[in-house]
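# Structural features, examined
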Amino acid sequence: MKISPVLCLLISIGVVALHTACAQPPDRATNQPASKSTLRPQDLSASESQALSNLAAMVNEQFTIYSLQTQFSPTGRDFRGGFPASNQDYSYQIVQVTSTKVYMTATAQQPNLRSLSAQVFVLPAASRPQAYQNSPINGSICVTNVPSQLPPADPGEAIVAEPPCPNGSSSMGVFYPSNRKE
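This report concerns the structure included in the present document. All residue numbers here refer to positions counted from 1 along the written sequence of the relevant chain. In view of the model being predicted, local features appear only for residues whose pLDDT reaches at least 70, and side-chain atom pairs are presented and counted only at 80 or more, with totals across whole chains, interfaces and linings using the full set of residues. Note that the side-chain values use all heavy atoms of the structure and ignore hydrogens as well as water.

## Things to note about the nonpolar core
Side chains of a nonpolar character, in soluble globular proteins, are inclined to be buried together. Residues grouped as a nonpolar core are buried Ala, Val, Leu, Ile, Met, Phe, Trp, Tyr and Cys residues, joined through side-chain atoms within 4.5 Å. Think of it in three bands: with a 1.4 Å probe and only protein chains considered, a residue is buried below 20% of the maximum accessible area for its type, exposed above 50%, and partly exposed in between. Grouped together as the largest cluster of nonpolar side chains are 30 residues, with contacts concentrated most on L55, V59, Y90, M104, L116 and I141. For helices the rule is a DSSP run of H or I covering at least 4 residues; for strands it is a run of E covering at least 2, with both sets numbered from the N terminus onward. Elements represented by at least two residues in this core include exactly α2 (46–69), β1 (90–97), β2 (101–108), β3 (116–122), β4 (137–144) and β5 (169–175). A per-element tally of this core places α2 first, with nine residues. Those residues in contact with L55 that lie beyond four places of it in its chain are M104, T105, A106, L116, S117, A118 and I141. Counting seven residues, the second-largest nonpolar core is a separate cluster that includes F121, A131, A158 and V174. Whether two residues touch is decided by their heavy atoms; if any such pair falls within 4.5 Å, the residues are in contact.

Structure below.
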């Protein structure tokens, strides 16, 4: 079953809204310089919103795979909803997979679009009490503050429950897996 892009976006916005209501911003230093969030999801164009929706779906797929296999998918071939197809606006890629992180990108193919990145982290045990419902993993999506054909930089490893986006980019939300079993 393929999930419609509109439904994915609504799910993404709902997860962000739920998380925003239940979590506080990090108060400790991270391994990346913090970037002040200047963008909101409603500031994105239709193409950028579609890329955000596709990355949110990829984050959710990685949550599911990690919960079943205790590892991340390096290719996305095992995504139930399929891997997003590249088009004239964006190309999608799983750039890096380690035992503690997966870094994925939606790279703009047009000079007037922003690029995005998504990360899913295995949180260090010391950071889990600050995570939503003491979650062992989380995900985040960053978008460049200005149009760019380069995605936001890889944020490195997470050392806090809610790692900020690298300089030059803004957070589109921190995501946690749902507690329901599929």
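Don't stop here, the text continues.
## A word on the state of the cysteines
The definition used for a disulfide is geometric: two cysteine sulfur atoms within 2.5 Å. Across all of its chains, the model carries one disulfide by this definition. Disulfide pairing is shown between C142 and C165; the S-S distance is 2.1 Å. The sign of the S-S torsion, about -90°, decides the handedness of the disulfide formed by C142 and C165: left-handed. On the criterion of sequence distance, the pair formed by C142 in strand β4 and C165 in the loop between β4 and β5 is long-range, its members being 23 residues apart. A relative accessible area of 2% means that C142 is categorised as buried. Taking relative accessible area as the criterion, C165 reaches 3% and is therefore assigned buried.

## Considering the environment of S45
Within the secondary structure layout, S45 lies in the loop between α1 (5–22) and α2. Assessed through its relative accessible area of 29%, S45 is described here as partly exposed. Along the backbone, S45 and R114 are 69 residues apart, and their C-alpha atoms lie at a distance of 9.1 Å.

## A few points about α2
Helix length check: α2 (24 residues) gives 34 Å between terminal C-alpha atoms against 34 Å at 1.5 Å per residue, within 8%. Among the residues trailing α2, T70 stands out with phi positive, at a value near 55°. Expected span of a helix, by definition, is 1.5 Å for each gap between consecutive residues, and there is one gap fewer than residues.

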